[in-house]
Amino acid sequence: MRFQDTGIGISAADLPSVFERFYRADKARSSRHGRGGVRFVVAKWKIAEAHHGEIRAESTLEKGSTFRVQLPLSATTIRMAQQD
């Protein structure tokens, strides 16, 4: 799956850290407004890693970001595909 936006983007310096717990790219923001990082952590830990998958981020400042989630196929999904 791929999720893409056309927002402000994430700087190259911040990109490697966006999935780290408690990381905040914009240090000036209060915890009330800067919750995006928590969503990245939840996506990584609760979705991707819980299903033995991975999530990657690419971004260009002023152009937006792309997040790619890759999950392995389950045995049931593979069997269904083989039957088609």
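Figured I'd write up the structure that's included with this text. Please read all numbers here as calculations on a predicted model, not as lab measurements.

If you check the backbone angles, histidine 52 has positive phi at about 60 degrees while not being a glycine. Secondary-structure assignment places histidine 52 in the loop between helix H1 (36-48) and strand E2 (54-60). For glutamate 62, which is not glycine, the phi torsion reads 65 degrees and is therefore positive. Assignment of secondary structure puts glutamate 62 in the loop between E2 and strand E3 (64-70).

Another point: the sheet that holds E3. Read from one edge to the other, the open sheet built from three strands follows the order E1-E3-E2, with strand pairing classed as antiparallel. The open sheet terminates on both sides in strands that have one partner only, identified here as strand E1 (2-4) and E2. Here the average twist between neighbouring strands, direction ignored, is 15 degrees. In the sheet, E2 pairs with E3 via seven bridges, with the strands oriented antiparallel. Of the residues in E3, the one forming a bridge with serine 59 is serine 65.

Across a regular strand the side chains alternate sides, sitting on one face of the sheet and then on the other. Burial along E2 is one-sided: Ile55, Ala57 and Ser59 are buried, while Glu54, Arg56, Glu58 and Thr60, pointing the other way, are not. Linking E2 to E3, which pair antiparallel, is a turn of three residues; within it glutamate 62 sits at a positive phi near 65 degrees.

A full pass over the atoms with the stated rule returns three salt bridges. In this structure, arginine 56 engages glutamate 54 in a salt bridge whose closest nitrogen and oxygen atoms are separated by 2.2 Å. A relative accessible area of 36% means that arginine 56 is categorised as partly exposed. A salt bridge links arginine 68 to glutamate 58, with the nearest nitrogen and oxygen atoms 3.5 Å apart. Of this pair, arginine 68 sits in strand E3 while glutamate 58 sits in strand E2, and the two are 10 residues apart along the sequence. Judged by relative accessible area, which is 29%, arginine 68 ranks as partly exposed.

To continue, consider the environment of valine 42. By the element assignment, valine 42 lies in helix H1. For valine 42, a relative accessible area of 40% gives the class partly exposed. When the C-alpha positions of valine 42 and glutamate 20 are compared, they lie 10.0 Å apart, and in sequence the two are 22 residues distant.

Criteria and cut-off values
- Residues numbered from 1 in each chain as written.
- Predicted model: local features only at pLDDT ≥ 70, side-chain atom pairs only at ≥ 80, totals over all residues.
- Heavy atoms only, no water.
- Helix = DSSP H or I, 4+ residues; strand = E, 2+ residues; numbered from the N terminus.
- Pairing = 2+ DSSP bridges.
- Axes fitted to C-alpha atoms, helices over the stretch in contact; angles between N-to-C directions.
- Buried < 20%, exposed > 50% of the residue type's maximum accessible area, 1.4 Å probe, protein only.
- Salt bridge = Lys/Arg side-chain N within 4 Å of Asp/Glu carboxyl O.

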